[in-house]
Amino acid sequence: MDLTEDEIEQIKAAVQQLPLEEQETALRKELAKFSSDKIQQCPFCLMIEGKIRTVDVYEDDICKAVLEINPANPGHIILFPKTHNRSLDELSENEINILYKTAHKLAIILLKLSEGINIIISDGVASGKKFEHIIISIIPRFKDDNINIYWQGKPEKLEKLEKFAEKIKEKIPKEKKKKEEINEDELESYLVKPKHRIPN
Ligand SMILES: [Zn+2]
């Protein structure tokens, strides 16, 4: 996206006055305003703007879920953030929380209307990703529905798996590890205490 200097100054002015934790979300919103005409071709942005007719199943401030117009199976849902995020690492913490929770809830609903479920998120050139805008496909499955989500597993040596695990683990932020190390006494203090005692 190419912004003029004036546009950059305008964005800075809108974002800098906010508390640090709100700046990221605000920055995305500001950028989205300026980029809306430049990414007009994005079908998901057009759906959010109401320029493409959709059959909606869910919507909040952060995301929207619609029925796929060419469903793999009846009930096939596409869930996407309202900001034009091109990759997973562009999603804000808040978008991640809302999107994944919403996907989870919709999947449980679809699971009751089908015999199985696939949740698919694609990113990166080799993934088969079709659009710039990050989307989550939630596909209800039925026995013998002829949908192929399949790969041939290749046997791997344990040492190679361990090396790869190390590569992944060293990139996991340290503060997340701390949360897992909560001791039992601390955990006890977090537990909600019942307000009313049930009489015997
Ligand atoms: Zn978009």
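Below: a short report on this structure. (Residues numbered from 1 in each chain as written. Predicted model: local features only at pLDDT ≥ 70, side-chain atom pairs only at ≥ 80, totals over all residues.)

### Section: the pairing of strand 5 (residues 136-141)
Item 1. Sheet analysis places strand 3 (residues 77-81) next to strand 5, joined by 3 bridges and oriented antiparallel. When the sheet's bridge partners are listed, isoleucine 78 is paired in strand 5 with serine 137.
Item 2. Both strand 4 (residues 116-121) and strand 5 contribute to a ladder of 6 bridges, which runs antiparallel. By the bridge assignment for strand 5, isoleucine 121 is matched with isoleucine 136. (Pairing = 2+ DSSP bridges. Helix = DSSP H or I, 4+ residues; strand = E, 2+ residues; numbered from the N terminus.)

### Some words on unusual backbone geometry
Item 1. Its identity as a non-glycine residue notwithstanding, aspartate 144 has a phi of 55°, on the positive side.
Item 2. Looking at the secondary structure, you find aspartate 144 in the loop between strand 5 and helix 5 (158-169).
Item 3. Its identity as a non-glycine residue notwithstanding, asparagine 146 has a phi of 60°, on the positive side.
Item 4. Along the chain, asparagine 146 turns up in the loop between strand 5 and helix 5.
Item 5. Since 7 C-beta atoms lie within 10 Å of it, asparagine 146 is described here as exposed. (Buried ≥ 20, exposed ≤ 12 C-beta atoms within 10 Å, placed from the backbone.)

### Considering the sheet that holds strand 5
Paired through their backbone hydrogen bonds, the strands of a sheet run either parallel or antiparallel.
Item 1. The strand order across the open sheet formed by 5 strands is 1-2-3-5-4, and the pairing between neighbours is antiparallel. Each having just a single partner strand, strand 1 (56-59) and strand 4 make up the two edges of the open sheet. Each strand axis lies, on average, 15° off the axis of its neighbour in the sheet, ignoring direction.
Item 2. Where helix 4 (residues 93-112) meets the sheet, its contacts fall on strand 1, strand 2 (63-67), strand 3, strand 4 and strand 5, and the angle it forms with strand 3 comes to roughly 170°. (Axes fitted to C-alpha atoms, helices over the stretch in contact; angles between N-to-C directions. Contact = placed C-beta atoms within 7 Å.)

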